[in-house]
Amino acid sequence: MILAIETSCDDTCAAVLDGPRMLSNVISSQADHELFGGVVPEVASRRHLELATPVIDAALAGARASLDEVEAVAVTAGPGLIGALLIGVTTAKAIAAPRRLPLIPIDHLQGHVAANFLEPEPLEPPFLCLLASGGHTLLAGVRDHEGHDVLGQTLDDAAGEAFDKVARMLGLGFPGGPALQRLAEEGDPEAFEMPVAMTRDPGLDFSFSGLKTALSYRCRELGPEGVAERRADLAAGFQAAAVGQLTAKLERAVDRGEWPAVALGGGVAANGPLREAMVGICERRGLRLKLVPPALCTDNAAMIGSAARFAPRIPYPDYLSYDAFATGEAADGPKTSGISTVSARRPSL
Ligand code: KG4
Ligand code: ZN
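A.B. asks: Just checking my understanding: could you explain the packing of helix α7 (residues 209–256) against helix α8 (residues 272–285) for this structure?
C.D. replies: The angle between the axes and the distance between the axes are what describe a pair of packed helices. Two elements in contact, α7 and α8, have axes whose closest approach is 10 Å; the angle formed by their N-to-C orientations is 30°. The orientation of α7 with respect to α8, classified from their angle, is roughly parallel. In this structure, the crossing between α7 and α8 has a hand that is right-handed. From α7, Q239, V243, L246, T247, L250, E251, V254 and D255 reach across to α8, where they touch P273, L274, A277, M278, I281, R284 and R285. In terms of residue class, the contact of α7 with α8 is made up of 9 nonpolar, 2 polar and 4 charged.

Given below as structure tokens:
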């Protein structure tokens, strides 16, 4: 059994896994965002400190397991908010060390990929995975269970970040993705012309800042009353353009490689129209499509436990000096494996 902990951003998460089987998956989302209009790193860290123990207790209780049955502790080591990550890493060490258990540090993005390895119907590599979250947007070539190659990524904002910023312009709360999707259902995606960026660019990179800026110009032209009147159309136009870019790049990557299957990961993978578009693309090409449930797309610890099954274990006491890292790649370059060494990364903040 693996106990997994994830605290890279604002959700305090713990899960217990028995091989590819998820026995529990507890997520405590922090609710202070409305107050601040987003995630405040220091506030998020303090909340992780308060929530870590009750969330881990709840995960063990949900799995009907005790700490005595846990064979290894997995934890997100980065990338993410450094203060938030440190709470998770320190908590994991504090649980593992007295029991002489190994520690398994995990790359957060590899965690999103590994959500696809969970039962039921685990997806076997090779496959192409579109990862789109609040902090990252990339196309991952997944050739084995241990890591992924970055085939293309955003040059500026992440897709989720763009959803959140546009949602804010339209007066919606944080995180903006789910609320924007709901509002867009009432709008006409063609009412406003939106730039679908990077589609003429032959590469596999993404860009979302131009779309976000286009939205802010429309809002300025319309004025507060106009925005209030047309916000559903603005949301629908933005969402269609964002999904259009994500799927255009994914289709291009599919055409370039011999990928028998396609998967999604990250919070934006919970987006309904994106999921529907993927179904159409994969049906037309005869590709297998794996869509994990939305609760496994957004941040959770089950995905970290899933990645940990294939990642190196650091024996006690070698991990006592192990540090979290805020940004950057794993030591072995663009192939972001599950961070294999204790020297891996230093915080860059
Ligand atoms: O993976 P995640 O939970 O956290 C990060 O690692 O960033 O992703 C959170 C992001 C947020 O930007 C949120 O607005 C977006 O995922 N998101 C969505 C939807 N649900 C969450 N974006 C579009 N549509 C959704 N339904
Ligand atoms: Zn994430």
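Let's pick the thread back up.
A.B. asks: Help me understand the site of ligand 1, please; the structure alone is not making it clear to me.
C.D. replies: Around ligand 1, the surrounding shell holds 20 residues, and the nearest of these are G134, D164, Q181, N271 and D299. G160 is positioned such that a nitrogen or oxygen atom in its backbone is 3.1 Å from an oxygen atom of ligand 1. Within the side chain of N271, one N or O atom sits 3.0 Å away from a nitrogen atom of ligand 1. Notes on ligand 1: free accessible area 550 Å², of which the protein chains cover 89%. Mapped onto the shell around ligand 1, the elements with two or more residues apiece are α4 (108–114), α5 (159–169) and α6 (176–184). Per-element tally for the shell around ligand 1: the top contributor is α6, with 4 residues. Considering only residue class, the shell around ligand 1 consists of 5 nonpolar, 13 polar and 2 charged.

A.B. asks: What am I meant to see in the side chain of D157 here?
C.D. replies: Along the chain, the position of D157 falls in the loop between β8 (149–153) and α5. At a separation of 2.7 Å, a polar atom in the side chain of D157 contacts the side chain of K212. With residues near it in sequence (within four places) discarded, D157 still touches K165, F208, S209 and K212.

A.B. asks: Is there a simple way to think about the coordination of the zinc ion (ligand 2) in this case?
C.D. replies: Six octahedral donors around a metal ideally subtend angles of 90 or 180 degrees, whereas four tetrahedral donors ideally subtend 109.5 degrees. The protein atoms that coordinate the zinc ion (ligand 2) are H108 (NE2), H112 (NE2) and D299 (OD), at distances spanning 2.1 Å. Expressed as a motif, the donor residue spacing for the zinc ion (ligand 2) is H-x3-H-x186-D. Placement of the pair is H108 and H112 together in helix α4, with a separation of 4 residues, close to one helical turn. Owing to a relative accessible area of 5%, H108 belongs among the buried residues under this scheme. Residue class for H112 comes out buried when judged on its relative accessible area of 2%.

A.B. asks: Just to check I follow, could you spell out the packing of α5 against α7 for this structure?
C.D. replies: Here α5 crosses α7 at 160°, and the two axes come no closer than 10 Å. Classified by the angle their axes make, α5 and α7 are roughly antiparallel. Of the two elements, α5 crosses α7, and the hand of that crossing is left-handed. Facing α5, whose interface residues are A159, A162, F163, K165, V166 and M169, α7 presents K212, L215, S216, C219, V227, F238, Q239, A242 and L246.

Analysis parameters
- Residues numbered from 1 in each chain as written.
- Chains lettered and ligands numbered in written order.
- Predicted model: local features only at pLDDT ≥ 70, side-chain atom pairs only at ≥ 80, totals over all residues.
- Heavy atoms only, no water.
- Axes fitted to C-alpha atoms, helices over the stretch in contact; angles between N-to-C directions.
- Helix = DSSP H or I, 4+ residues; strand = E, 2+ residues; numbered from the N terminus.
- Parallel < 35°, antiparallel > 145°, perpendicular 65-115°, else oblique.
- Left-handed = near helix turned anticlockwise from the far one by under 90°.
- Contact = heavy atoms within 4.5 Å.
- Nonpolar A, V, L, I, M, F, W, Y, C, P; charged D, E, K, R; others polar.
- Near = heavy atom within 4 Å.
- Polar contact = N/O pair within 3.5 Å; in protein donor to acceptor, adjacent residues only side chain to side chain.
- Areas by Shrake-Rupley, 256 points an atom, 1.4 Å probe, with all protein chains shown as cover.
- Donors = N, O, S within 2.8 Å, 3.2 Å for Na, K, Ca; no water.
- Buried < 20%, exposed > 50% of the residue type's maximum accessible area, 1.4 Å probe, protein only.

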